[in-house]
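This is what each chain is made of:
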Amino acid sequence: MIEMVIPQRRRSLGGFEVGRVLPFARRRMVGPFVFFDHMGPLDLAAADARHADVRPHPHIGLSTVTYLFAGEIMHRDSVGSEQPIRPAEINWMTAGRGITHSERFEHARIAGDHLHGIQAWVALPDGQEEIAPSFHHHQGLDDLPAWQEGKATTRLLAGTAFGLRAAVPTLSPLFYLHWQLEAGAKVALPEGHTDRAVHVAQGQVEIEGQRFGAGEMILFSSGAPAELTALEPTTAMALGGEPLGERFLFWNFVSSSQDRLEQAKADWQAGRMILPVHDRDEFIPLPEAPRPTPEPMS
């Protein structure tokens, strides 16, 4: 049933560290999920909040997916969006042919904050990589169905699972779930998807007699049962979907074409991508350090 276990690797974002799970050397994608960062849990002091801000930067060829268990982040982008995100809400930004955005900890600057959440990227399918950029914010049971069964509370964040569909406008078959589990809770991942994985954000689970803890992502074999038991109060994310084929990654750009990555790099360096409407005073420059030739992600 278990195909692979991916540990998180610590990566600095400048103001704080994250646990990076995807991409991984031996498994670059899970369905269309091409990037997965675990933020926190951490206490952000008011004095440090400004340094933790993520200044305006660009994306192409993907949707960014932000979900918080705790804390608050302010999102601004080049299509005019200005939207704080709080726990149990989804910010889904589709870059398409190009978008810029910033993420700032303005709430934390007042009196500090406790931050914990996930940021993922979903690669866009063939024929949709160059669509117009857009932003969608979702909250509440009508948009993000949630239910409780026994010791498990489930919230569907995107895609389809267990006969339900979230309101997020996805472009390829996928599912994305948040599980809040009491000790002893038993849950199973939805069937019908080629790739399936679970990430333990907090707590500890047992799968096939093995124990897994916070920061680990467990990938399941296609078509096999995918079940787990919480050994203590646990927060977990389940994700998966259908593979999209070869994808290349450079910095914040994802594409099926290396030439398109080069164009995006040139566009950002030359200032041809507009900055967020309400956040134009600074930006992150294109990385100057030499990078190896991008490898395909599939």
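Everything quoted here is computed from the prediction, not taken from an experiment.

### Description of the sheet that holds strand E3 (residues 17–22)
Pairing is antiparallel across the open sheet formed by 7 strands, whose spatial order is E2-E3-E4-E11-E6-E9-E12. The open sheet has two free edges, formed respectively by strand E2 (9–12) and strand E12 (134–138), since each of these has just one partner strand. Recorded for the sheet is a direction-independent mean angle of 20° between the axes of neighbouring strands. The sheet contact formed by strand E4 (residues 33–44) and strand E11 (residues 113–123) spans 9 bridges and is antiparallel. Each bridged residue has a counterpart across the sheet, and for Asp 37 the counterpart in E11 is Gln 119.

### Some points on the UniProt feature "binding site: Fe cation" (unreviewed entry) in the protein
Following the UniProt record, one finds the feature "binding site: Fe cation" (unreviewed entry) at His 57, His 59, His 101 and Glu 103. In terms of the greatest pairwise C-alpha distance, the residues named above, spread along 47 residues, form a tight cluster of at most 13.4 Å across. Tracing the backbone shows His 57 in strand E5 (residues 54–59). The residues touching His 57, leaving out its near neighbours within four places in the chain, are Ile 99, Thr 100, His 101, Glu 103, Trp 251, Asn 252, Trp 268 and Ile 284. Polar contacts involving the side chain of His 57 include one to the main-chain carbonyl oxygen of Arg 55, which spans 2.9 Å. By the element assignment, His 101 lies in strand E10 (residues 99–104). Given a relative accessible area of 1%, His 101 falls into the buried group. Once residues lying within four places of it in the same chain are set aside, the contact partners of His 101 are Arg 55, Pro 56, His 57, His 59, His 75, Arg 76, Asp 77, Met 93 and Pro 276. Here the side chain of His 101 touches His 57 through a polar contact of 3.0 Å, side chain to side chain.

### Some points on helix H3 (residues 258–269)
If you check H3, its first and last C-alpha atoms are 17 Å apart, about what 12 residues at 1.5 Å a residue would give, namely 16 Å. Taken together, the buried positions of H3 are occupied by Arg 260, Leu 261, Ala 264, Lys 265, Asp 267 and Trp 268. Viewed along the axis of H3, the buried residues span an arc of 165°, placing them on a single side of the element. H3 presents Asp 259 and Gln 269 as exposed residues on the side facing more than 90 degrees away from its buried surface.

### Topic: the UniProt feature "domain: Pirin N-terminal" (unreviewed entry) in the protein
Mapped onto this numbering, the UniProt entry gives "domain: Pirin N-terminal" (unreviewed entry) at residues 16–122. Strand forms 59% of residues 16–122 and helix 10%; the C-alpha atoms that close the span are 23 Å apart.

### With respect to the pairing of E5
Among the 6 residues in E5, 5 count as buried, and that is most of the element. When E5 meets E10, the two strands line up antiparallel, connected through 4 bridges. Of the residues in E10, the one forming a bridge with His 59 is Ile 99.

### Some points on the nonpolar core
If you look at the biggest cluster of nonpolar residues, it comprises 28 residues, and the most contacted ones within it are Phe 36, Tyr 176 and Met 217. Apart from the residues within four sequence positions on either side, Tyr 176 is in contact with Phe 33, Phe 36, Val 65, Ile 118, Ala 120, Arg 155, Leu 156, Leu 157, Ala 158, Met 237, Ala 238 and Leu 239. Among the nonpolar cores identified, the runner-up in size contains 23 residues, and Leu 156, Leu 181, Val 198 and Ala 226 belong to it.

### Focus on the side chain of His 75
One can find His 75 in strand E7 (residues 73–77). One polar contact links His 75 to Asp 77, side chain to side chain, over a distance of 2.7 Å. When sequence neighbours within four positions are dropped, the list of residues in contact with His 75 reads Ser 81, Glu 82, Gln 83, Asn 91, Met 93, His 101, Ser 102 and Phe 135.

### Quick look at the pattern of salt bridges
Enumeration over the complete set of coordinates arrives at 18 salt bridges. Arg 20 is paired through a salt bridge with Asp 37; the nearest N and O atoms lie 2.8 Å apart. Taken together, the residues Arg 20 in strand E3 and Asp 37 in strand E4 connect sequence positions 17 residues apart. Neither residue differs from the other here; Arg 20 and Asp 37 are each classed as buried. Its salt-bridge partner being Glu 106, residue Arg 76 comes within 2.7 Å of it at the nearest N-O pair. Of this pair, Arg 76 sits in strand E7 while Glu 106 sits in the loop between E10 and helix H2 (108–111); the two residues are 30 residues apart in sequence, bridging distant segments of the chain. A relative accessible area of 9% places Arg 76 in the buried class. The partly exposed category is assigned to Glu 106, whose relative accessible area is 26%. One network of salt bridges, in which partners are shared, links Arg 50, Asp 53, Arg 104, Arg 109, Asp 279 and Glu 282.

Rules used in this analysis
Residues numbered from 1 in each chain as written. Predicted model: local features only at pLDDT ≥ 70, side-chain atom pairs only at ≥ 80, totals over all residues. Heavy atoms only, no water. Pairing = 2+ DSSP bridges. Helix = DSSP H or I, 4+ residues; strand = E, 2+ residues; numbered from the N terminus. Axes fitted to C-alpha atoms, helices over the stretch in contact; angles between N-to-C directions. UniProt positions renumbered as here; feature names shortened; annotations may be inferred. Contact = heavy atoms within 4.5 Å. Polar contact = N/O pair within 3.5 Å; in protein donor to acceptor, adjacent residues only side chain to side chain. Buried < 20%, exposed > 50% of the residue type's maximum accessible area, 1.4 Å probe, protein only. Expected span 1.5 Å × (residues − 1). Arc of directions from axis to C-beta. Core = buried A, V, L, I, M, F, W, Y, C linked by side-chain atoms within 4.5 Å. Salt bridge = Lys/Arg side-chain N within 4 Å of Asp/Glu carboxyl O.

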